[in-house]
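# Descriptive structure summary
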Amino acid sequence: MRIAIIGGGAAAVGLVDALAVGEAGSAAGEVTVFEPSPHLWRGRPYGPDLDSVLVNVPPVIMSIRHLDAGHYASWLGPERAATHLDELLGQPLVPRALYGSYLADTAEAALAALRGRGWRTRVAAARVVAAARSGGGAGLRVRTEDGHEHPADQVVLCVGGGTPQDHYGLGGAAGFVADPYPLAYTLGQVPAEADVAVIGSGLSAVDVVVSLTARGHAGRIALVSRSGMLPHVWQRPLGHRPVHVTVERVEALCREHGGVTLDDLTGLLRAELATAGEDFAQFAAEVLAAGSEEPVRRLRRQLAAVGDPRIGRRVLQETAHTVGPYAWRLLPEPDRERLRGHYRLATGLASPMVPVNAAALLRLFEAGQLTMVAGVRKIEAAEGGFRVRGDGGDLNADVVVNAVNPPPQAVPRAAEPLVTSLLTDGLAVLHPSGGLVPADPRLHVVGDLAGGGSFITSGIPGVAAAAARSARGLLATLTG
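Residues numbered from 1 in each chain as written. Predicted model: local features only at pLDDT ≥ 70, side-chain atom pairs only at ≥ 80, totals over all residues. Heavy atoms only, no water.

### Looking at the pattern of salt bridges
To keep it simple, the criterion reads: Within this document, salt bridges are pairs made up of a side-chain nitrogen of Lys or Arg and a carboxyl oxygen of Asp or Glu, the two lying within 4 Å of each other. Strands are runs of DSSP state E lasting at least 2 residues, helices are runs of H or I lasting at least 4, and numbering of each runs from the N terminus.
Enumeration over the complete set of coordinates arrives at 25 salt bridges. Between Asp 425 and Arg 133 there is a salt bridge whose closest N-O contact spans 3.3 Å. Placement of the pair is Asp 425 in helix 15 (residues 416-425) and Arg 133 in strand 6 (residues 128-133), with a sequence separation of 292 residues. In this structure, Arg 301 engages Glu 293 in a salt bridge whose closest nitrogen and oxygen atoms are separated by 2.7 Å. One salt-bridge network, held together by shared partners, links Arg 133, Asp 425, Asp 440 and Arg 442.

Have a look at this one:
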């Protein structure tokens, strides 16, 4: 069986690793990974960059090997863990480029293991621009940018997520940074005294602010967004493992009720908190208050609660990426719409910032170098810079950095020709809420492009789980 893996980022790493540790008996296949980037296995998020650009998640939920929570921590080892220990969190927080090295080492070890079992493996430094059925329909073929065609029996899309949208039509304006990454390059173009407006208030915006100041930026910085809501702050892990909010309990509810509702999921969280002796109503009120609480005040309060022993936020933050992708697909559309109505709150809770970055932001707010501008309606290029129009008045800036999160299930620009070919050939269809759905059992999609997924961008646990599912299906085909 010839498997073509299109894309060489974290999803591809999870897939080849799952193939390597999976049960295939004596059968062997062929794997070709197509990835044009010089930063193989790292994808957009984990390529070379500034050391200030940190992995925003504790190691326990960054394992690319599904159901092996210690895999990444084992690779990191005690020496590197001690070097990168964050005292506030009590956990190692490494630069994203170092996590990229973990992904690369894992992928290379997996390919070596496959070769040891008789598999043929190959990495092609080429971009795939089309995939279609072969003439007789018995197989598939992928075409690379150089015009070469490659036969395949199974094709797996691991093309990653989209890129930030230019909501205000600033593309081409002098001083506008359309995509902040890699920050080592983009921030090197920002004058040290410039007044900078950062569009967005999520993790990418936090990265920009922290990295600007780490480089000694002296100008004023403004976070400008519609919501004005910062991400939550990670709390110190306690080692708690959910017993109610689990995939197994969601599966049981689905069997009993013929489906799962948002009220069912709320009931599981209520039971989780009750088991720990905590009050659900109080927890829910605290979470919902984030939408109206003054950002700096909430930031200060959450930093003070990093060591709070209550489990509520910890459970939601973990299970949003482990249970969430599975539960989302079972929810009725009205319940999904209810959750979408809390988009900014949900994404800020599911993707919190690490305390060291939160503390840096608080210092900048208190020093007056950083401000928050909410209710932004318009940003326009003006003579010599930009004008930001918000509910609280206008703001002038010399540089604007676009740090909004890419929309979920968006097609990356580089993958647009490939996706068009899949739709044209009938191998896939677009999901009504975004993303791609295979229409042929020989096509698989792993990662944020998978249609029907949640509006919360796929984290490593969700990517690892999806990769493991695809690997099981591929191995079953191989041995069946």
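This is not the end of the story, as more comes after the structure.
### Description of the side chain of Asp 308
Counted only if it meets this: When accessible area is computed with a 1.4 Å probe and restricted to protein chains, residues below 20% of their type maximum are described as buried, those above 50% as exposed, and intermediate ones as partly exposed. Definition of a polar contact: a pair of N or O atoms within 3.5 Å, with one able to donate and the other able to accept a hydrogen when the atoms are protein atoms, and with sequence-neighbouring residues admitted only if both atoms are side-chain atoms. Any pair of residues with heavy atoms lying within 4.5 Å of one another is described as a contacting pair.
Structurally, Asp 308 is set in the loop between helix 9 (295-304) and helix 10 (312-322). Residue class for Asp 308 comes out buried when judged on its relative accessible area of 19%. A polar contact is formed between the side chain of Asp 308 and the backbone nitrogen of Arg 310, at a distance of 2.9 Å. When neighbours within four sequence positions are excluded, Asp 308 is seen to be in contact with Gln 235 and Arg 314.

### Examining the packing of helix 6 (residues 247-257) against helix 7 (residues 262-275)
The condition that has to hold: To obtain each axis, a line is fitted to C-alpha atoms, and for helices this fit is confined to the stretch in contact; angles are then taken between N-to-C directions over 0 to 180 degrees. Put simply, angles under 35 degrees are roughly parallel, angles over 145 are roughly antiparallel, angles from 65 to 115 are roughly perpendicular, and the rest are oblique. When the near helix sits turned anticlockwise from the far one by under a right angle, the crossing is termed left-handed; a clockwise turn instead gives a right-handed crossing. Residues are sorted three ways: Asp, Glu, Lys and Arg are charged, Ala, Val, Leu, Ile, Met, Phe, Trp, Tyr, Cys and Pro are nonpolar, and all the rest, Gly among them, are polar.
Where helix 6 meets helix 7, the closest approach of the two axes is 11 Å, and the angle between their N-to-C directions is 135°. The orientation of helix 6 relative to helix 7 falls into the category oblique. The two elements helix 6 and helix 7 meet at a crossing, and its hand is right-handed. In contact with Arg 249, Val 250, Leu 253 and His 257 of helix 6, helix 7 contributes Asp 264, Leu 265 and Leu 268. Within the contact of helix 6 with helix 7, the residues separate by chemical class into four nonpolar, one polar and two charged.

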